[in-house]
Amino acid sequence: MKRDSFGSRFGALVAMAGSAVGLGNLWRFPYLVGENGGAAFIIVYILLSFVICLPIFVSEFVVGRKSQQNAYAAFRDLSGGSAWKWVGMFTVIVPLIVLSYYSVIGGWSVEYLLKSMTFTFTDTDTRTTMGTMFTDFVSSTWMPIIMHTAFLLTTTLIVMVGIKDGIEKFSKVMMPLLFFMVLAIAVYSLTLPGAGRGVDYLFKPDFSKIDGHTFAAALGQAFFSLSLGFGTIMTYASYVDKKENPLFQSTATAVSDLMFALIAGVAIMPAVFAFGLNPQSGPGLVFETLPYVFSQMPAGGVIAIAFFMALLVAALTSSISMLEVAVAYLVEEKGLKRVSASLIVFAGCWVVGVLCSLSFGPLSGVKIAGLSIFDFFDSISSNILMTLGSLMTVLFVGWRLKKTDIYDEFTNGGTLSANARMFGVLWFLIRYVCPLAIIVVFVSGLI
Ligand code: PFF
């Protein structure tokens, strides 16, 4: 049977950008900027995104497109069946861990979209009542589980339909919509009186705020935001046509991801400052601080709907990419039908997600390595597993595969002259700079 693939350049691009742009941009990036000193963090983030993460992105792209198989088989076959296949297995399993807790937050966005559609946030609310509303919701037993189920089921249904008709079609409609919604909110946010302080916060750097932790936090965020270190980009790239330009597709994804993060920052920070609120409210920024901002601003009801709709769409286009990695593996390696494979992965992630969800309430006493179940999964995946996955991928490409094979894939058999000129730099970054930088940044974050 012919393997499913993306039907067009735009389709492949929006699907990749859809994987990259997600809760990482709209939820995680703004609060990390808030916690790590604003513009200084952004500068470090941009630097790491392009010098370290883009070469890793290209590495994943090249491996995926060269093999035209799932991530496990890509590592296995390109390495001639050696132990590297276990790295492939690792890249199939890690996205499932992330998807399990990601889906819980996806569920929160469903809940908050419903809340905003029923105009639950009113001008009699205070910042404290919004905080209580959020805490009451996440610590309850059933509603967060129901919302997690709804979110994961929607993800599963889209993946079940296939690459061209499911993932690509969904992304083609939703990504442009997402872009216009976030852009419109950003423009509106800039018109609020007092917005200027938020803009300064985002774009006026204070370099005294930079230390080893800033680099570690920025690199972890860049990995997460670009979906690196998992088999995601590799799997999507395996559906990309051999005619497409790997450098163009990778750079376009990285640039759109950065644009979305910055526009999300501009949508959120000026509004937060305009209402005299603290940008350093951590993960609660989007679910506690923002609803309060929406409740106070003119036309806030409509803006709230647009924002939570954007959050949900961004989360969905990312979660489908995580699910697809394991579905591709089960279909191609275990011979399962796409529908059964999707349902099996759904069941596994659902159970782990339920445990993560309950760890905010009834299971809050259960600790793994001193962390709640949710925090444990979030912390090991973004701090350790993604870093490890990315490190192993660049080592695989730079030290295990043949330079000439990578050159051929990167330049489409030598036909892309600009890529051919860039190859020397790229190869140097992949072979030396990326592995070293990953190790240094990782260790400096620990001490
Ligand atoms: N890049 C996504 C985001 O920023 O929300 C998260 C993500 C998607 C991480 C896919 C990992 C992944 F494989």
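Overview of the structure. (Residues numbered from 1 in each chain as written. Predicted model: local features only at pLDDT ≥ 70, side-chain atom pairs only at ≥ 80, totals over all residues. Heavy atoms only, no water.)

What follows concerns the overall build of the chain. The helix and strand inventory of the chain stands at 18 helices and two strands. For the chain, whose C-alpha radius of gyration is 21 Å, the value lies close to the compact-globule estimate of 22 Å for 447 residues. Overall, the chain is about 65 × 50 × 45 Å in size when its C-alpha atoms are taken along their principal axes. Expressed as a percentage of the 447 residues in the chain, the buried residues total 59%. Taking the contacts inside the chain whose residues are at least 6 apart along the sequence as the reference set, 82% of them involve residues at least 24 apart. Here the chain displays about 16,500 Å² of accessible surface, and carbon together with sulfur accounts for 70% of that area. (Helix = DSSP H or I, 4+ residues; strand = E, 2+ residues; numbered from the N terminus. Rg over C-alpha atoms; globule rule 2.2 N^0.38 Å. Buried < 20%, exposed > 50% of the residue type's maximum accessible area, 1.4 Å probe, protein only. Contact = heavy atoms within 4.5 Å. Areas by Shrake-Rupley, 256 points an atom, 1.4 Å probe, with all protein chains shown as cover.)

This paragraph deals with the site of the ligand. In the region of the ligand, 15 residues are neighbours, and G24, Y102, F224, F230 and T232 sit closest. N25 places a polar side-chain atom, nitrogen or oxygen, 3.4 Å from an oxygen atom of the ligand. At 3.0 Å, a backbone N or O of S225 approaches a nitrogen atom of the ligand. When the ligand sits alone it has 340 Å² of accessible area, and the protein chains cover 100% of it. Considered class by class, the residues forming the shell around the ligand number six nonpolar, nine polar and no charged. (Near = heavy atom within 4 Å. Polar contact = N/O pair within 3.5 Å; in protein donor to acceptor, adjacent residues only side chain to side chain. Nonpolar A, V, L, I, M, F, W, Y, C, P; charged D, E, K, R; others polar.)

Our next topic: helix 9 (residues 195-203). Looking only at helix 9, the buried set comprises A195, G198, Y201 and L202. Down the axis of helix 9, the smallest arc covering the buried residues is 115 degrees, so these residues share one side. On the buried face of helix 9, the contacting elements are helix 2 (23-35), helix 3 (39-67), helix 8 (163-190) and helix 12 (246-274). (Arc of directions from axis to C-beta.)

A cluster of nonpolar side chains, I384, L388, I439, F442, V443, L446 and I447, forms an exposed patch at the surface whose accessible area comes to about 650 Å². Listed by contribution, the elements that provide at least two residues to the nonpolar patch are helix 16 (373-400) and helix 18 (417-446). Top contributing element to the nonpolar patch by residue count: helix 18, with four residues. Topologically, I384 is positioned in helix 16. (Patch = residues over 30% accessible without salt bridge, like charges linked within 9 Å, V, L, I, M, F, W, Y side chains within 5 Å. Salt bridge = Lys/Arg side-chain N within 4 Å of Asp/Glu carboxyl O.)

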